[in-house]
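This is what each chain is made of:
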Amino acid sequence: MFGPAVLYIVALVGLPLFLAFFYAFTDIRVGSTSIHLVGLENFRSVLSSPTFRGALWHSFVFTVSAQVIVLFGANALALALLQRFRGRNLARFIILLPWVAPISLGAIGWKWILDSIYSVINWVLIRFHLVKPFDAPMWLGEPTLAMMSVILVHAWRMLPFSTVIVLAGLTAIPKDIPEAAAVDGAGFWRTHLEITLPMMRPIINVAVLFGVVFTFTDMTVVYILTRGGPFDSTQVLPALAFFTGVLGTDLAAGSAISVFLVPILVIVAWLMLRMAHRAEVV
Amino acid sequence: MAVVEARNVTKVFKQGELGAVNDVNLATREGEFMVFLGPSGSGKTTLLRMIAGLEEPTRGDILIGGQVVTHLAPRDRRIAMVFQSYALYPHLSVRKNIAFPLRAQGVPRKSHAAKVEWASGLLGIGHLLERKPRELSGGERQRVALARAIVREPSVFLLDEPLSNLDAKLRASAREELTQFHRRVGTTTIYVTHDQVEAMAMGDRVVVLNKGTVRQVGSPREVYDEPADTFVAGFLGSPPMNVTDHGDVLVGFRPEHFLPSAMVQGPKVPLKFRVSTVEYLGAERVAYGVLEGSRWEKKKVVSRFSSNADVRLAADSVVDFAVAEGSLKFFDRQTEKRTTPRGLSWE
């Protein structure tokens, strides 16, 4: 009964995790035939690299900003989708699309939307005379704009997931409770902020924790939109580990970089388990 | 305090949804305890929710204190409501639950503590203020819900089956407490229930509803003794009134009026009763069976009498029973409404 589960965990989670830690202390490279233990050398060199320190910082900015946007967006959308209106099912379906479509396709779509020459956004801005034709923003070409673009695209992609979770939380609240609040004299904001949101806290926590994991470990959006550029300004840890370890063939350094993801993920995983343990819905 | 009035109130739902209301007209009296009684789907809760402002009538108007409030939000109606589930805010302490309406209505903060103290004292839950709702028993939750309703001194109380989540024993005492409570605060109260015992015990007047229409409005005594139609006659009373065909009328008599012939005084209608089962219920006995020999042959009837009465009934025996003529109720066959009494002809 345990057998398959144990096998699965060892083969697909345990072994790669062990190898990542092990490689981080060696001088292994892609295609090399020898392997030597080098102690903390990889960590020393990684920590001294400005690219890595930038990536570490960007990872946090990326994760926190995307989650804040997603949280507000998901709440607003969930509240809207709770209302009865014509075409509600269609709206729910459309909102789910970014999540069910492959990330890479979505990201490639955004790459065109944000392209320096063919950007539809810029086309619209120029048509409405909001910017001058040769002065349109370079969405992926300027450090700040590029970071904002990457964050927004990732938020766009995470939004459906969080919306569905928050919607489930909202639906789980008995109808009586907001009605009692309405009779008691509370308006929309008081009801939402003082009654509904606090009641949904456990489930929102789950949404945030999942969101943090998905965002902190994501490299697709960065890889497709900017490759970490311009000037490493959108570089994040998973992408950097991939560029260094796989594309750059320095497996050891790539492993050392990815090991820095572990403490954050361990904390999040611990919080998740704790919450699942005393999950208490209403 | 205020009078609540419904004028031609109609609520149409989509097909398949229960609880529609059809052209209801009624008005409470000042400080009255009015009960909406009806089976599920009769529209009693819908009517209450329209008075509360949680549902908008399709047609017609709701008036509170003489003012049309049909399109006002619940918060602007000076009402308080107790829900069937109590709808306490689970993440707030009892104190904060009770204080919530005060905060929401912008009552000056300074007076909150005193008002919460007063409301919780009135309901005897002063010692529970720091608890969370999940740490309370059903009866305690119900009191918290009442305290939350009373705290802002509303002009109307709306109660939606507040006792249905309590066990039978607690329900009886809660009923008595609610009556006491109403007497003390004297606020106009509308109480929704499907339980006729609650309606009879607590209501100053009872509004009997069925399929969205008002069948009868009257004191408990009126609706029980003088039912306006066969629905009211059948819905009130347990076991319900015996109703049987008689030419162009329906004739009804309560089980407690259908007794062994010797126990019935004055002019009476004799009937032969074939007993099938007798239930002994402690204070009373209930006999089930069929009539024999008359025009009402094979009609199923129920008799109910005190356990102290000197009556011996064996199953499957045929006994001489009778109904006093004055206890017979007559209903029109077509409309099922009450009609004038007449002599029974047995041609």
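Throughout this description, residue numbers start from 1 for each chain and increase along the sequence as written. Note on labels: chains are lettered from A, ligands numbered from 1, in written order. Side-chain atom pairs in this predicted model are given and counted only at pLDDT of 80 or more, local residue features only at pLDDT of at least 70, and totals for whole chains, interfaces and linings cover all residues. Water and hydrogen atoms were dropped before computing side-chain values, which therefore reflect all heavy atoms in the structure.

Examining the interface of chain A and chain B
We count it as follows: Here, residues are in contact when the closest pair of their heavy atoms is within 4.5 Å. Buried area counts how much accessible surface, traced with a 1.4 Å probe, disappears from two parts once they are put together, with both parts' losses summed. In what follows, salt bridge is the name for a side-chain nitrogen of Lys or Arg lying within 4 Å of a carboxyl oxygen of Asp or Glu. Nitrogen and oxygen atoms within 3.5 Å of one another constitute a polar contact, given that in protein one can donate a hydrogen and the other can accept it, and given that sequence-neighbouring residues count only through two side-chain atoms. In DSSP terms, a helix is any run of H or I states spanning at least four residues, a strand is any run of E spanning at least two, and both are numbered starting from the N terminus. By the convention adopted, Pro, Cys, Tyr, Trp, Phe, Met, Ile, Leu, Val and Ala count as nonpolar, Lys, Arg, Asp and Glu as charged, and the other residues, Gly among them, as polar.
Between chain A and chain B, the contact holds 20 residues from the first and 24 residues from the second. Interface area, chain A with chain B, both sides summed: about 1,800 Å², of which 56% is carbon and sulfur. For Asp184(A), the salt bridge goes to Arg148(B), with nearest N and O atoms at 3.5 Å. The interface formed by chain A and chain B includes 11 residue pairs in polar contact (both at pLDDT 80 or more). Elements with a minimum of two residues in the side of chain A that touches chain B: helix H8 (176–184) and helix H9 (188–216) of chain A. The residue makeup of the side of chain A that touches chain B, split by class, is 10 nonpolar, two polar and eight charged.

A word on helix H5 (residues 168–185) of chain B
Residue and element names in this part refer to chain B. Condition: For a helix, the expected span equals 1.5 Å multiplied by the residue count minus one. To sort residues, take the accessible area from a 1.4 Å probe on protein chains only and compare it with the maximum for the residue type: under 20% means buried, over 50% means exposed, and anything in between is partly exposed. Comment: arc refers to directions from the helix axis out to C-beta atoms.
Over its 18 residues, H5 runs 26 Å from end to end, which matches the ideal 26 Å to within 8%, given 1.5 Å per residue. Every buried residue of H5 is listed here: Ala 174, Arg 175, Leu 178, Thr 179, Phe 181 and His 182. Viewed end-on, H5 has its buried residues packed into an arc of 160 degrees, placing them on one side of the element. The outward face of H5, more than 90 degrees from its buried face, is lined by the exposed residues Lys 169, Arg 183 and Arg 184. Buried positions along H5 lie against strand E3 (33–37), helix H3 (112–122), helix H4 (138–150), strand E7 (156–160), strand E8 (188–193) and helix H6 (196–202). Just past H5, the residue Gly 186 takes up positive phi, approximately 65 degrees.

Overview of the pairing of strand E16 (residues 300–306) of chain B
Residues and elements named next belong to chain B. The line we're drawing: Here a strand pair is declared whenever DSSP counts at least two bridges between the two strands.
Extensive coverage of E16 is indicated by the burial of five of its seven residues. When strand E15 (residues 284–292) meets E16, the two strands line up antiparallel, connected through seven bridges. What sits directly across from Ala 287, in E16, is Ser 303.

Examining the packing of helix H12 (residues 251–259) of chain A against helix H13 (residues 261–277) of chain A
Here is the rule: Where helices are involved, their axes are fitted lines through C-alpha atoms of the stretch in contact, as for all axes, and angles between N-to-C directions lie from 0 to 180°.
The interhelical angle for the contact between H12(A) and H13(A), taken along N-to-C directions, is 35 degrees, at an axis separation of 5 Å. Contacts from Ile257(A), Ser258(A) and Val259(A) of H12(A) reach H13(A) at Leu261(A), Val262(A) and Pro263(A).

Comments concerning unusual backbone geometry
That bond from Ser238(B) to Pro239(B) is cis: its omega, 0 degrees, falls within 30 degrees of zero. Considering the arrangement of structural elements, one finds Pro239(B) in the loop between helix H8 (230–235) and strand E11 (242–246). A positive phi angle, near 60 degrees, is found at Asp232(A), a position not held by glycine. Positioned with a positive phi, Asp316(B) is a non-glycine residue whose angle comes to about 70 degrees. Tracing the sequence through the fold places Asp316(B) in the loop between E16 and strand E17 (318–324).

Thoughts on the side chain of Ser233(A)
Residue and element names in this part refer to chain A. Turning to its location among the elements, Ser 233 is positioned in the loop between helix H10 (220–225) and helix H11 (237–247). Taking relative accessible area as the criterion, Ser 233 reaches 13% and is therefore assigned buried. Contact partners of Ser 233, with chain neighbours within four places excluded, come to His 58, Pro 143, Met 147 and Gly 228.

What to know about the sheet that holds strand E9 (residues 205–210) of chain B
Residues and elements named next belong to chain B. Pairing is mixed in the open sheet, where six strands are placed in the order E6-E7-E8-E3-E9-E10. Edge positions in the open sheet fall to strand E6 (79–82) and strand E10 (213–218), since each of these has one partner strand only. Strand-to-strand twist in this sheet, taken as the mean axis angle between neighbours without regard to direction, amounts to 20 degrees. Relative to E10, E9 runs antiparallel, the two sharing five bridges. Looking across to E10, one finds that Val 208 is bridged to Gln 216. Along the sheet, H4 contacts E6 and E7; its crossing angle with E6, the most-contacted strand, is approximately 175 degrees.

Overview of the environment of His127(B)
Residue and element names in this part refer to chain B. Relative to the helices and strands, His 127 resides in the loop between H3 and H4. We classify His 127 as exposed; its relative accessible area is 61%. Separated by 85 residues in sequence, His 127 and Gly 212 have C-alpha atoms that sit 43 Å apart.

A short note on the pattern of salt bridges
Applying the stated criterion to the full structure yields 24 salt bridges over all chains. Measuring nitrogen to oxygen at the nearest pair gives 3.2 Å for the salt bridge that ties Asp218(A) to Arg157(A). With Asp218(A) in the loop between H9 and H10 and Arg157(A) in helix H7 (residues 143–172), this residue pair connects regions lying 61 residues apart in the sequence. In this structure, Asp218(A) and Arg157(A) share a single accessibility class: buried. With a shortest N-O distance of 3.3 Å, Glu153(B) and Lys115(B) are connected by a salt bridge. With Glu153(B) in the loop between H4 and E7 and Lys115(B) in helix H3, this residue pair connects regions lying 38 residues apart in the sequence. Classification of Glu153(B) as partly exposed rests on a relative accessible area of 44%. The partly exposed category is assigned to Lys115(B), whose relative accessible area is 24%. Taken together, the shared-partner salt bridges connect Lys175(A), Glu179(A), Arg49(B) and Glu55(B) into one network.

Some points on the sheet that holds strand E18 (residues 329–332) of chain B
All names here are of chain B. Spatial ordering of the open sheet is given by E11-E12-E18, a layout of three strands whose pairing is antiparallel. The strands lining the two open edges of the sheet, one partner per strand, are E11 and E18. Averaged over all pairs of adjacent strands, the angle between strand axes in this sheet comes to 30 degrees, irrespective of strand direction. Two elements, strand E12 (residues 249–253) and E18, share four bridges in a ladder whose sense is antiparallel. Considered in E18, the bridge of Gly 252 is made with Lys 329.

Structural notes on the side chain of Arg152(B)
You can see Arg152(B) is positioned in the loop between H4 and E7. Among the polar contacts made by the side chain of Arg152(B), one reaches the main-chain carbonyl oxygen of Ile79(B) at a distance of 3.0 Å. Excluding residues within four positions of it along the chain, Arg152(B) makes contact with Val183(A), Asp184(A), Ile79(B), Ala80(B), Pro101(B), Leu102(B) and Gln105(B).

Here we look at a nonpolar patch on the surface
Residue and element names in this part refer to chain A. In plain terms, the rule: For patch detection, residues must exceed 30% relative accessible area and be free of salt bridges, and they are connected within 9 Å for like charges or within 5 Å for nonpolar side chains (Val, Leu, Ile, Met, Phe, Trp, Tyr). Note on areas: Shrake-Rupley with a 1.4 Å probe; residue coverage comes only from the protein chains shown.
On the surface, Leu 15, Phe 18, Phe 22, Ile 35 and Leu 37 cluster together into a nonpolar patch covering about 510 Å² of accessible area. Along the chain, Ile 35 turns up in the loop between helix H1 (3–24) and helix H2 (41–47). For Ile 35, a relative accessible area of 39% puts it in the partly exposed group.

Some words on the packing of helix H3 (residues 50–82) of chain A against H11(A)
All names here are of chain A. Across the interface, H3 lies against H11 with an axial gap of 8 Å and an inter-helix angle of 145 degrees. Of the residues in H11, those in contact with Thr 51, Phe 52, Ala 55, Leu 56 and Ser 59 of H3 are Leu 237, Pro 238 and Leu 240. Residues belonging to the contact of H3 with H11 are distributed by class as follows: six nonpolar, two polar and no charged.

Examining the domain arrangement of chain B
Operational definition: Here the limits of each domain have been adopted from an automatic or database domain assignment.
Partitioning chain B into structural domains gives domain 1 (4–225) and domain 2 (239–332). Placing the centre of domain 1 of chain B and that of domain 2 of chain B at their C-alpha centroids yields a distance of 39 Å.

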